[in-house]
Amino acid sequence: MKTTLGRRTRILAATTATAGLVLVAGCTSSDDNGGSGTKTAAGGVELVKAGQLTTCTHLPYPPFQSEIDGKVQGFDVSLIDLVAKDLGVQQEILDTPFENFKTGAFLNSGECDLAAAGMTITDERKKNVDFSDPYFDATQAVLADRKSGISSFADLKGKKVGAQAQTTGEDYAKSQGLDPVSFESSDAVLNGLRTGQVQAVVIDYPVVQGWLKDKANAAAFEIADNINTGEQYGFTVKKGNTKLREAINKALADAKADGTYKKLYEQWIGPYDESAASPSAS
């Protein structure tokens, strides 16, 4: 697994807080900003590298983070750019396997300052990482082939169902007695549906919203059900990294207060849902 993780990890760096992120060639072995060890940013926040806020994510997961026109962009990216701006640094992104977000592996090893991956806050994950305040309310959607005859979650019994591995969508499907086919990424989930490997998928509703913006997808697939599982997303930091956690929470609160959150929500998610602006802690 260690060799696999090494091959999959990619480095991406921010250009500006609003313009998105661009791919940096290769994984560098040296740091022009000051070598190894933590560095202090505004507010006394300790960072793993000087001059940058290093974010672990897992690509692609639109509309939260994905490569668009050669740049990594999305709702999560834009929100963390606000944190980086407050700290007086730029955001750099590492693309890493999603299973590491449950364990906090890359946070504990000092490779990343935080993780942003459209991640649901759960008690199990709280054992390994500290979460920010919730920043998004999520539901699970059932997206089905229009020819499948599936019109509700109950209709999934006996059908070929897909889900993204290591996600709450997969967990929910299993908890309801299903045996979903696991796909590594959201793109792979959609491809499984397109190629007939599965007849329906269970995945976060905002992801489905993004897929259905494509006319071909909207013609072939439909939302068969939407399940409110009470999920909320949060960003994570290494356990005990209180200053960075507070910096994230402050940036989120400021964005909600000055209208920036609403603007970004409408840009990346869709029509603004007032309840998403002030979710209570999970």
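Summary of the structure given here. (Residues numbered from 1 in each chain as written. Predicted model: local features only at pLDDT ≥ 70, side-chain atom pairs only at ≥ 80, totals over all residues. Heavy atoms only, no water.)

1. Here we look at the packing of helix H2 (residues 75–87) against helix H10 (residues 242–258)
Two elements in contact, H2 and H10, have axes whose closest approach is 9 Å; the angle formed by their N-to-C orientations is 115°. The angle between H2 and H10 falls in the class roughly perpendicular. For the element pair H2 and H10, the recorded crossing hand is right-handed. Packed against H2, whose contacting residues are Leu 79, Leu 82, Val 83, Asp 86 and Leu 87, the element H10 presents Leu 244, Ala 247, Ile 248, Ala 251, Leu 252 and Ala 255 at the interface. A per-class count over the contact of H2 with H10 returns 10 nonpolar, no polar and one charged. (Axes fitted to C-alpha atoms, helices over the stretch in contact; angles between N-to-C directions. Helix = DSSP H or I, 4+ residues; strand = E, 2+ residues; numbered from the N terminus. Parallel < 35°, antiparallel > 145°, perpendicular 65-115°, else oblique. Left-handed = near helix turned anticlockwise from the far one by under 90°. Contact = heavy atoms within 4.5 Å. Nonpolar A, V, L, I, M, F, W, Y, C, P; charged D, E, K, R; others polar.)

2. Focus on the sheet that holds strand S15 (residues 221–233)
Strand order in the open sheet made by the five strands is S13-S12-S14-S11-S15, with mixed pairing throughout. With partners counted over all chains shown, the strands left at the sheet margins are strand S13 (181–183) and S15, one partner each. The average undirected angle you get between the axes of adjacent strands in this sheet is 25°. Pairing of strand S12 (residues 161–164) with S13 involves three bridges; the strand directions are parallel. (Pairing = 2+ DSSP bridges.)

3. Focus: the pattern of salt bridges
Per the counting criterion, the structure on display carries four salt bridges. A salt bridge links Lys 262 to Glu 266; the nearest nitrogen and oxygen atoms lie 2.9 Å apart. Placement of both Lys 262 and Glu 266 in helix H11 (residues 260–268) is noted, with a separation of four residues, approximately one turn of the helix. On the basis of relative accessible area, Lys 262 is assigned to the partly exposed category, the value being 38%. Since its relative accessible area comes to 40%, Glu 266 is described here as partly exposed. (Salt bridge = Lys/Arg side-chain N within 4 Å of Asp/Glu carboxyl O. Buried < 20%, exposed > 50% of the residue type's maximum accessible area, 1.4 Å probe, protein only.)

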